[in-house]
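# A closer look at the structure
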Amino acid sequence: MLLPAAREDLTDDDLDRVYAWPDWPVPTAWLRANMVTTADGAARSPDGLSAGISSDADRRVFGRLRGLADVVLAGAGTVRAEGYKPAKAKPEFAERRALAHQSPAPAIAVVSRSLDLDLDSRLFADPLVPTIVITCGAADPARLDAISERADVVVAGDDDVDLHRAVRALNERGLHRVHAEGGPHLLAQLAAAGLLDELLLTVSPVLAGGAYPGEGPVPRVLAGVPLPDAPRPLLLHHALEDGGTLFLDYRVG
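Right, let's walk through the structure included here. (Residues numbered from 1 in each chain as written. Predicted model: local features only at pLDDT ≥ 70, side-chain atom pairs only at ≥ 80, totals over all residues. Heavy atoms only, no water.)

### Topic: the environment of D56
With respect to the helices and strands, the residue D56 is situated in helix α2 (residues 56–67). As for D56 and G243, which are separated by 187 residues in sequence, their C-alpha atoms are 9.9 Å apart. (Helix = DSSP H or I, 4+ residues; strand = E, 2+ residues; numbered from the N terminus.)

### Quick look at the environment of A5
In this structure, A5 sits in the segment before α1 (12–18). With relative accessibility at 43%, the residue A5 sits in the partly exposed group. Remark: the alpha-carbon pair of A5 and L240, spanning 235 residues in sequence, is separated by 10.0 Å. (Buried < 20%, exposed > 50% of the residue type's maximum accessible area, 1.4 Å probe, protein only.)

### A few points about a nonpolar patch on the surface
Judged by side-chain polarity, L2, L3 and L236 come together as a nonpolar surface patch covering roughly 250 Å² of accessible area. Relative to the helices and strands, L2 is located in the segment before α1. (Patch = residues over 30% accessible without salt bridge, like charges linked within 9 Å, V, L, I, M, F, W, Y side chains within 5 Å. Areas by Shrake-Rupley, 256 points an atom, 1.4 Å probe, with all protein chains shown as cover. Salt bridge = Lys/Arg side-chain N within 4 Å of Asp/Glu carboxyl O.)

### Points about the side chain of D14
By the element assignment, D14 lies in helix α1. Within the local environment of D14, its side chain forms a polar contact with the side chain of R17, the two groups lying 2.6 Å apart. Excluding residues that lie within four positions of it along the chain, D14 makes contacts with R7 and D9. (Polar contact = N/O pair within 3.5 Å; in protein donor to acceptor, adjacent residues only side chain to side chain. Contact = heavy atoms within 4.5 Å.)

### So, a negative patch on the surface
Where like charges cluster on the molecular surface, the negative patch consists of E8, D9, E241 and D242. Its location among the elements puts E8 in the segment before α1. (Lys, Arg positive; Asp, Glu negative; His and termini not counted. Charge placed at Lys NZ, Arg CZ, Asp CG, Glu CD.)

This is the structure in structure tokens:
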């Protein structure tokens, strides 16, 4: 730990305390985004995935963050590209999740207007906790009916997904600790809507450059949707370091 006080060799329990969900008045949500980036802001490696810019330390923190969340929120593009699977129930979190009246594992919530989702994937075929699909009224009715047989469907908005209504629907299901994992367009939409409370940013000690060979500009951590009040101030809550990788926790506002 570098900030707020220097400390060596953090245990898993130490990490859980550092990243503990803050106390806030339920039934409102606390929404944190967790992303890994290169030192110059790229959100993925040349193969289109985040693993190429991640590390063992990043995966360790990622596992602790997921372990105590109520729900993992991701866009359909990220779910397809990263091959999302259902979250597993892990023994080291079982007692704390039970005491907090949480399900044995976090639910996975997928935001998709087009409903271009593989219903034969493990995310829908064999989840411990039912997968949630968040869409809008303009979604294809036949596709919506098919997905409703495999998932808990939330229709939030008419022509496009209304993220305020989506988060309220998660709250109504008792899911208040919302852990958003991207992609960059969904995170930009959450920030623009004023729904982002916390940004957990892993900065890997690598450069991406202005573009990868054969591609256009590399996507940044937030991309696509303008932030109405940019630049929005952030407060650095803590900073960790491992092997040159920085783990930064920013609070919004």
